[in-house]
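Coordinate inspection notes
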Protein chains: 4
Amino acid sequence: MKYGIVGSKGKMGREIMEYFSSFGDECVVEKDVDHFVERDVPQLIIDFSSPQGLKESVELCRKYNCGLIVGTTGLTDESFRLLGELSKTLPVVQSYNFSSGMSIMKEILKAFREQFKDWDCAMIEIHHSQKKDAPSGTAKMLKEVIQRDLSISSIRVGGIFGEHTVIFSNAGEVVEISHRALSRRAFSIGVRRAALFLLTKEKGFFTYEDVLKGVDKAAEELRGISELL
Amino acid sequence: MKYGIVGSKGKMGREIMEYFSSFGDECVVEKDVDHFVERDVPQLIIDFSSPQGLKESVELCRKYNCGLIVGTTGLTDESFRLLGELSKTLPVVQSYNFSSGMSIMKEILKAFREQFKDWDCAMIEIHHSQKKDAPSGTAKMLKEVIQRDLSISSIRVGGIFGEHTVIFSNAGEVVEISHRALSRRAFSIGVRRAALFLLTKEKGFFTYEDVLKGVDKAAEELRGISELL
Amino acid sequence: MKYGIVGSKGKMGREIMEYFSSFGDECVVEKDVDHFVERDVPQLIIDFSSPQGLKESVELCRKYNCGLIVGTTGLTDESFRLLGELSKTLPVVQSYNFSSGMSIMKEILKAFREQFKDWDCAMIEIHHSQKKDAPSGTAKMLKEVIQRDLSISSIRVGGIFGEHTVIFSNAGEVVEISHRALSRRAFSIGVRRAALFLLTKEKGFFTYEDVLKGVDKAAEELRGISELL
Amino acid sequence: MKYGIVGSKGKMGREIMEYFSSFGDECVVEKDVDHFVERDVPQLIIDFSSPQGLKESVELCRKYNCGLIVGTTGLTDESFRLLGELSKTLPVVQSYNFSSGMSIMKEILKAFREQFKDWDCAMIEIHHSQKKDAPSGTAKMLKEVIQRDLSISSIRVGGIFGEHTVIFSNAGEVVEISHRALSRRAFSIGVRRAALFLLTKEKGFFTYEDVLKGVDKAAEELRGISELL
C-alpha cells in the first residue's frame, strides 16, 4: 500500500514507517514541521501530529481523494468538526489508542464484570518515571468499564512502557487479567489494521472498535481488492 | 441450611464444614468409613467421598427426600447411572471442579479466542511437587477451549496449590489471563453456591456451569423461600 | 522429638501439630484456655498463645527443664523480662515471624541495596481483605532494610495470604524480588527449624535470624545427638 | 565524552548513539561496512560489529591511542588474542552481556543459593518468537550459577524482549527473583557505565563484572578527571 504520514519525524511517525516497510508498504508523502516530501499519490494519510497538523492532513486527503487515520491526541471540538465534515465524502478512522490488546481487555471486563460482582477487585498500573499523570487515562477508562469503586495503585518506575493489571479475588481464588505494551509497536500494529480496514470503505467516521469488529470482514473483501495493495 | 456430608473426615469434607459453619449452616448428618452421626433431617447431602461412598449418598437422599451435590472424582458409568436415576425425582449437581474462577476463565477464553487468533499463545501451569500428572487436567481442558496447538509449560515446586496462566503476545503487546487457587476454599465457595441453587430445584441433573448461570435467578427466588434456610 | 504446645487450640497451634506429626514428632503436652493434657515429658515448649499464656509457658519450661520457642505477638516489656530471665538457664527462641523466605528476602535486599541505588524502586504488598493495617508491618520492615524513600502500594483483596514484591527498574530493565506466603505452613516450617536448633543449645536468647545462621551447624551437631530425637 | 563506534548502522550501534547523546556525549567516529566518518579524535572506541569488524576497531584504538569496549558476540580465539595484545598498552572491556540487572541477578543467586538448598527450584524464560535457541544462553548461565539440576521452561511468544524468572518454593512459601529486559536500552546503559570505567584505566583487560565492582570507585576518580568529559 502507498500511504502518506503527517508527523513523519515524531516517534510514532518513525515507528509506523519502520513497521509498515516490513510489509513492503511505501511511504510516498512525508510531512512534518518544515518538511514535505511527495513521491507518489498515497491511498491514505496517517496523522500522528498535533491538532494544528490535522488541518493539513484533512487538506491532503481532499487533494489526493483518500481516507484518513488519526491517532493525534488532544483533539478539539474544531478537530472533530473537520473530521466529521471530511467523513461525509471520505473514510476516517479516529482513536486515542490503537492497541488491540487494550481493546480486547476492555471488552473482556465489560462482558464479565457481572460474573465477578461477588469478588473483590483492585487495579495496578505501572509506567515509566517520566509519566506525570496518575492514575493513567487507560486505568480510569478501565475503572469506568468495570463500573465499581475500586482502588487503583499507580507505580512510576524506570522505563516500563505501560502495564495494567486487574485483580479479582474471593476467599479462595484469584483471577488476574493484565495488559502490557512492549513498545510503540503495540500501536503501529493497530494503525496498520486500521489502514487495511480503511481501504475497504468509501466514506464514514469510524473508531478503532469498529476496525476490530470489521477487520475480519474487511480481510475477506480485501482479497477482492488485493490488486490495490 | 441443614445439610449432610458423606466423606466428612476427608480434606474437602472438613473444609466444607468449616466454611458452611461461618454462615450458620448446620451439618446434621456426617458419614465416613466406620462413622455415622445423624442429628436432624438434612435439606441436602454433599458427597466428597468415593464412587463406593456415592451409593450410600444416593440412599441417604432417598431416605431424607433431599437433593445431592457430588464432587467426588473418578466416577464410573455406574455412578452416573445412579445419579441419572436419582435426578428423575430429586435435584442433583455433579462437577469435578467447583471453582467459580476457573469456570469464568474458561468462559473468557471461549468468548475471546477468536480475537486472539493473530496472537501467539502459550500456557504455564504451576502446582505443588506432590502432583504427579503434567500437564494438569485443567490445563488440558483450557487448551481444548482455546482450540489451538499451544505449548504448556508445567512446573512442579513446593506447596503451590494451583496456578494456570494463558499468555497471548504479538509483536508489541502481551495480554495475560491467570487463575490461582489459594486453598480448598476455592472449591467450598462453589459447593455452597451449588447448595443454594439446589434448594430452588425440585428435580433434574445439573452441572456447575448450570449453577453459575442460574444462581442469580436462584438468589432472587431464595428471597421467597428464605424461611427454609 | 517430644514437644509441648501452649495455644494448642489456636490456628498456629493446630497447624504446628499437623506439620510436626508428619515427621513423627509427638505432642506430649497440650495447653489452652480451660484445657491441659500431659502425656509425657517434653523436650521443648512452643508458645503461640498470648502475653498472658506466656507466663504459664515459662513455668512449664522450668517444670520440665526444657527450652522455649515463642511466636506469640504483642509481647510486653514484662514478657521480654520473663524470657530474659529464663534464657539465663534454658534456651529461648523468640520471633514475630518464623518465615524463612521472608528472612532470606530481607537479607538479599540488605546485601544488594547498594547495587540498585541508581535504579527506581517501588513496593507492592497484597493481603486478604480482613487485614486492617496498611502498609503491612513486613512492608515497613522491608522499606527500612532498603533504606530508601520508596512508595508502597497496599492492596486488600479476597483471601490472599500475603505477598510482597520489590520492583527495581531503570530505563532498560526490571528486576523483581517477591515473597508469597501460601499458608500458615510458611511459619510452621520455621518453627520446626527453630526447634531443631533449640535442642542443640543449653541456654541463651536467640532470634530466628540466629536460627537461620546456625541451623546448618546445628544439623551437623544433631547427628551426634540424634538419639535424643 | 567523545567516542567512536564500529557497527554504527547496526541496532545496538544506533541505540548507543541515541542513549549517549542524551548525556551530551559526541560520536566523532562512525564506522560500518562501506561507511566511515571521522569528525574528531575519540577518547574510546565501542565495537558492536562482527569478529571481522573487531580487527579494524583494534587498529583504530592504536591510531587514536584510546581504549576499547567490545560487545560483539561470537568472538574467536583470534579475536581474544588481538584483544589480549591490545590490553597490554590500552584498556579493554569485553562482555557478551552489558545488562547490569542480569549481572546483579547472577550475583544474588550465587550469594543465596545455599540458603535455598532445601527449597524446590524452577526457571521460566520467555522470549520473542523469532528467538531460535531454547533454553536461552542466559538461562543456561543462571542454571550453572544456581548449581542445581532444575527444569527450565522456555516460552517463545510475540515480541517479548527477554524475561528470566527463578522460582523457589517450599511447602509454605514462594520466593521469585526475575529479570526483564525492556529494550536494547538495558545494554546501552551498561555500555556507558563501561565507558566511564574505561576512561579511568590506563591499560588492562576487564569484564563487565569488573566494571560493576569498580564503577563506584571510578565515579569518584572521575570527579577528578571530569574536565576530560
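Here is a short report on the structure shown in this document. If you're wondering where the values come from, they're calculated on a predicted model, not measured in any experiment. (Residues numbered from 1 in each chain as written. Chains lettered and ligands numbered in written order. Predicted model: local features only at pLDDT ≥ 70, side-chain atom pairs only at ≥ 80, totals over all residues. Heavy atoms only, no water.)

Let us look at the interface of chain C and chain D. Chain C puts 34 residues into the contact, and the matching count from chain D is 34 residues. Summed over both sides, the interface between chain C and chain D buries roughly 2,700 Å², with carbon and sulfur atoms accounting for 56% of that surface. Our count for the chain C to chain D interface comes out at zero salt bridges. Between chain C and chain D we count 14 residue pairs in polar contact (both at pLDDT 80 or more) in total. Among the elements of the structure, α4 (100–112), β10 (173–181) and α6 (185–198) of chain C are those that each provide at least two residues to the side of chain C that touches chain D. (Contact = heavy atoms within 4.5 Å. Buried area = accessible area lost by both parts, 1.4 Å probe. Salt bridge = Lys/Arg side-chain N within 4 Å of Asp/Glu carboxyl O. Polar contact = N/O pair within 3.5 Å; in protein donor to acceptor, adjacent residues only side chain to side chain. Helix = DSSP H or I, 4+ residues; strand = E, 2+ residues; numbered from the N terminus.)

Opposite the five residues of chain D that make contact, chain A presents five residues. Of the roughly 440 Å² buried between chain D and chain A on both sides combined, carbon and sulfur atoms contribute 46%. Taken together, chain D and chain A are joined by two salt bridges. When the shortest N-O distance is used, the salt bridge between A:Glu163 and D:Arg180 registers 2.9 Å. In terms of residue class, the side of chain D that touches chain A is made up of two nonpolar, one polar and two charged. (Nonpolar A, V, L, I, M, F, W, Y, C, P; charged D, E, K, R; others polar.)

Moving on, we come to the packing of helix α1 (residues 11–21) of chain B against helix α6 (residues 185–198) of chain B. Relative placement of two packed helices is described by the angle separating their axes and the distance separating the axes. Residues and elements named next belong to chain B. At a closest axis distance of 9 Å, the pairing of α1 and α6 adopts a crossing angle of 65°. Taken together, the axes of α1 and α6 are roughly perpendicular relative to one another. Pair α1 / α6 crosses with right-handed handedness. On the side of α1, the interface is formed by Met12, Glu15, Ile16, Glu18, Tyr19 and Phe20, while α6 contributes Arg185, Phe187, Ser188, Ile189, Val191, Arg192 and Ala195. Among the residues forming the contact of α1 with α6, the class breakdown is eight nonpolar, one polar and four charged. (Axes fitted to C-alpha atoms, helices over the stretch in contact; angles between N-to-C directions. Parallel < 35°, antiparallel > 145°, perpendicular 65-115°, else oblique. Left-handed = near helix turned anticlockwise from the far one by under 90°.)

This part covers the relation of the copies chain D and chain A. Note on the chain copies: they are related by a rotation about an axis and a translation along it. Once chain D has been moved 0.0 Å along the axis and rotated by 180°, it coincides with chain A to within an RMSD of 0.1 Å. What the rotation and shift describe, once combined, is the action of a two-fold rotation axis. Across chain D, the rotation axis passes nearest the C-alpha of D:Leu182, at a separation of 3.6 Å. In this assembly, 100% of the residues forming the interface of chain D have copies in chain A that are likewise at the interface, indicating an isologous arrangement. (Least-squares fit on C-alpha atoms with pLDDT ≥ 70 in both.)

Attention shifts here to the relation of the copies chain C and chain D. Screw-axis analysis of chain C against chain D gives a translation of 0.0 Å along the axis, an RMSD of 0.1 Å, and a rotation angle of 180°. Most of the interface of chain C is mirrored in chain D, where 100% of its interface residues are also at the interface.

So, about unusual backbone geometry. Leaving glycine aside, a negative phi is the common case for residues, and trans is the common case for peptide bonds. Cis rather than trans, the peptide bond between B:Ala134 and B:Pro135 has omega equal to -5°. Mapped onto the secondary structure, B:Pro135 falls in the loop between β7 (120–127) and α5 (137–146). For A:Asn65, which is not a glycine, the phi torsion comes out positive at approximately 55°. Mapping A:Asn65 onto the fold places it in the loop between α2 (51–64) and β5 (67–70).

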